[in-house]
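Chain and residue survey
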Amino acid sequence: MFEAITDSLKNAVRKLRHFDDEASLKRVLDDLKKSLLKSDIHHKVVKEMIAKVEVRTKERGIQKDYFVKALETSLFETLAAAGNQGFVYAQKPPTVVVMAGLQGSGKTTTTAKLARFLKSRSKKTLVAGADLRRAGAAEQLRQLCSSVEVEFISADSPIETVKAALKRANDGLFDVLIVDTAGRLGIDADMMSELAAIKNAANPHEIFYVADSLAGQDAVRSAEAFHRQIALTGVILTKFDGDATGGIAISLASQIGVPLRFIGTGEKTGDLEIFIPERIVSRLMGEGDIATLTEKVTAEIDEKKAAAIGKKIKKGTFSFNDFLAQIEQVSKIGSMKSILGMIPGAGALSQKLGDLDLENSKDIRHIRAMIGSMTPKERDEPDLLSPSRKLRISKGAGLSIDEVNRFIKQFRNGAKMAKQFAGKGGMQKFGALLSQQSRVRA
Ligand code: GDP
Ligand code: MG
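A brief structural summary. (Residues numbered from 1 in each chain as written. Chains lettered and ligands numbered in written order. Predicted model: local features only at pLDDT ≥ 70, side-chain atom pairs only at ≥ 80, totals over all residues. Heavy atoms only, no water.)

1. Here's the deal with the packing of aromatic side chains
Which entries qualify depends on this criterion: For Phe, Tyr and Trp, where Trp contributes only its six-membered ring, two rings pair if their centres lie within 6.5 Å, and the inter-plane angle classes them as stacked under 30 degrees, edge-to-face over 60, or tilted in between. Comment: elements are numbered from the N terminus, with helices defined as DSSP H or I runs of at least four residues and strands as E runs of at least two. Burial here depends on accessible area, computed with a 1.4 Å probe over protein chains only, as a share of the maximum for the residue type. Under 20% is buried, over 50% is exposed, and the range in between is partly exposed. Two thresholds decide whether a charge sits over a ring: the Lys NZ or Arg CZ must be within 6 Å of the ring centre and within 35 degrees of the ring normal.
A complete count under the given rule lists four aromatic pairs for this structure. Here the aromatic rings of Phe117 and Phe262 are separated by 5.0 Å at their centres, their planes lie at 80°, and the arrangement is edge-to-face. You can see Phe117 sitting in helix α5 (residues 107-120) and its partner Phe262 sitting in strand β7 (residues 260-264), a full 145 residues away along the chain. Look at Phe117 and you get buried, because its relative accessible area is 11%. Members of the aromatic cluster, joined through ring pairs, are Phe87, Tyr89 and Phe208. The ring of Tyr89 carries Lys123 above its face, with NZ or CZ at 4.3 Å from the centroid. The ring of Phe407 carries Arg406 above its face, with NZ or CZ at 5.1 Å from the centroid.

2. Focus: the pattern of salt bridges
Here is the rule we go by: The salt bridge definition used is simple: a Lys or Arg side-chain nitrogen within 4 Å of an Asp or Glu carboxyl oxygen.
Scanning the entire structure with this criterion turns up 19 salt bridges. A salt bridge links Glu381 to Lys377; the nearest nitrogen and oxygen atoms lie 3.7 Å apart. Taking relative accessible area as the criterion, Lys377 reaches 53% and is therefore assigned exposed. The closest approach of N and O atoms between Arg392 and Glu378, which form a salt bridge, is 2.8 Å. Taken as a pair, Arg392 in helix α19 (residues 387-397) and Glu378 in helix α18 (residues 376-380) lie far apart in primary sequence, 14 residues in all. We classify Glu378 as buried; its relative accessible area is 0%. Linked by salt bridges that have partners in common, Arg184, Asp188, Asp190 and Glu194 make up one network.

Following this line, the structure appears as structure tokens:
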């Protein structure tokens, strides 16, 4: 769902390797701008965000982590723009909610999802079917309600339905009343006046706009129209399980100024999540948190050291010490993939690796133990490892001699590969090796 925007943010951050002057900041901001625009975010919003990120980065100094932080803060502010999260109960029950939106956006499904959500929180919920335009619309909702075991009510007209529902909700001491309404394919005066009448009769605490996240900027334009006419208090984004870019969440939040409350993530009544800006931001920024990753990498990878190791690899004098140092770096950062992502040109390669996580690998712990049991001289000169030395090392590391032999073999192969990798056309070979190895591991 958020892949597109996440990838482009990652790419922008990846390019931050040499990031220390205005020119590099400008380059990265340009990239960011392009990717945000591609993600369906309105150009005005993009412009504002870019400006914010630029000002904030400059305030603290043009540095990778300041930039990432500025981006994160700006995304958060945009998403968290206005107020309430999730469901808010009125002081005096029943809390009355009217669902509005275009036809097919997911109002009816979301009504049932909300009812189920409330029921799971022990709220006595009544659902009113005020969509009497389409034959079968009320029946669809009646069935959904019975599947989530929530009471359903409907009458001859939308207004009659609302009146009957209010009475039933009050008499029956319900906590919440949700009114599903009829949508149209586009904004239309007839629908708006019907909604206005329903609003008038129901006097709701909340009017939720149900937006199809796949509708892109159209969803934002219609939300604006609804908001002008009937004053929305919340937005529910449906079909987030589809190919939505995630930009729609940012656009809606910033352009309508109405808080996003829930997101729908599937067709089933259980597929509803409370919209939590922090969570969305961290998703937008990468699986875990690109900021943390970048901080780690900045702290861990010393470029001079990396260059020195590169030289050694080329000369073929790569030692166990270097190997260990590499492993330590990799495991500190958590995944090989993220390191590769930082190496210029290796971004694509890192994708191939998938989620090869070396941090918790048994092999890594064993290799560490093995190298830890070597003398400093042995670490520098792998050729010194005679059978008797290997035996001593295996005992020291608590490994079998076979395991030690296997690791040494791996190391030699690795060093050989690394040497090739350092030469011309090496990237492809290295890639081939890695994909081979990840297959072996899997
Ligand atoms: P309404 O016309 O606004 O009442 O829309 P419906 O509730 O009838 O939904 C229209 C279609 O969208 C139905 O096929 C739903 O199953 C589907 N739908 C609604 N919400 C979601 C969602 O979050 N994810 C997916 N994949 N489909 C959804
Ligand atoms: Mg409907």
